[in-house]
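Read off the chains here:
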Amino acid sequence: MDFSFSAELWEWRGPAPFYFLSVPTEQAEDIREAAKLVSYGWGMIPIKAEIGGIAFTTSMFAKNGTYVVPVKNVVRVPLKLEVGDTVEVSFDLGA
């Protein structure tokens, strides 16, 4: 199942910074249903994603009633993506 959306890049400043895009809540229910087939431990959902022509794999997870897509530095740095930028992402569930 293919998904795409635009969202603002945000940062979680834990022991190391991590960057995420929050899935719009209107898509969360569709993902929740489809994820039952591909999810693995702790509710992690493997995805194949693309941002700015750069393809990557990662695992999204539930947070605050929706899901978040981690944006790896191998994508963020070459595209010069900064916190607050609106980013278009497309992805398929199951990596």
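Details of the structure are given in the entry above.
Residues numbered from 1 in each chain as written. Predicted model: local features only at pLDDT ≥ 70, side-chain atom pairs only at ≥ 80, totals over all residues. Heavy atoms only, no water.

Chemist: Talk me through the overall build of the protein; I want residue IDs and the actual numbers.
Modeler: Tallying secondary structure elements over the protein gives 2 helices and 7 strands in all. Reading the protein from its N end, one meets helices and strands in the order β-β-β-α-β-β-β-α-β. Relative to a compact globule of 95 residues, whose C-alpha radius of gyration would be 12 Å, the protein shows 12 Å and is just as compact. Expressed as lengths along the three principal axes of its C-alpha atoms, the size of the protein is roughly 35 × 30 × 25 Å. Across the 95 residues that make up the protein, the buried fraction comes to 37%. The long-range fraction of contacts in the protein, counting pairs at least 24 apart against all pairs at least 6 apart in sequence, stands at 61%. If you sum the accessible surface of the protein, you get close to 5500 Å²; carbon and sulfur atoms cover 54% of it. A distance of 9 Å separates the average location of the 8 positive side-chain charges in the protein from that of its 12 negative side-chain charges. (Helix = DSSP H or I, 4+ residues; strand = E, 2+ residues; numbered from the N terminus. Rg over C-alpha atoms; globule rule 2.2 N^0.38 Å. Buried < 20%, exposed > 50% of the residue type's maximum accessible area, 1.4 Å probe, protein only. Contact = heavy atoms within 4.5 Å. Areas by Shrake-Rupley, 256 points an atom, 1.4 Å probe, with all protein chains shown as cover. Lys, Arg positive; Asp, Glu negative; His and termini not counted. Charge placed at Lys NZ, Arg CZ, Asp CG, Glu CD.)

Chemist: I'd like to hear about the nonpolar core, residue by residue, with values.
Modeler: Core analysis: the largest hydrophobic core is formed by 26 residues, its most contacted members being L21, I51, M60 and F91. For this core, the elements supplying multiple residues, two or more each, are β1 (2-8), β3 (17-22), α1 (25-35), β4 (45-51), β5 (54-63), β6 (66-70) and β7 (86-93). When sequence neighbours within four positions are dropped, the list of residues in contact with F91 reads M1, D2, F3, F5, I31, I47, K48, A49, M60 and V69. (Core = buried A, V, L, I, M, F, W, Y, C linked by side-chain atoms within 4.5 Å.)

Chemist: Let's hear about the environment of A16: which residues, and what values?
Modeler: In this fold, A16 is placed in the loop between β2 (10-13) and β3. Measuring from C-alpha to C-alpha, the distance between A16 and V38 comes to 28 Å, with 22 residues separating the pair along the chain.

Chemist: Give me the lowdown on the pattern of salt bridges, citing residues and values where you can.
Modeler: All chains considered together, the criterion is met by 2 salt bridges. A salt bridge links R32 to E29; the shortest N-O distance between them is 2.8 Å. Of the two residues, R32 and E29 both sit in helix α1, 3 residues apart, roughly one turn of that helix. Residue E29 is classed as partly exposed on the basis of its relative accessible area of 41%. (Salt bridge = Lys/Arg side-chain N within 4 Å of Asp/Glu carboxyl O.)

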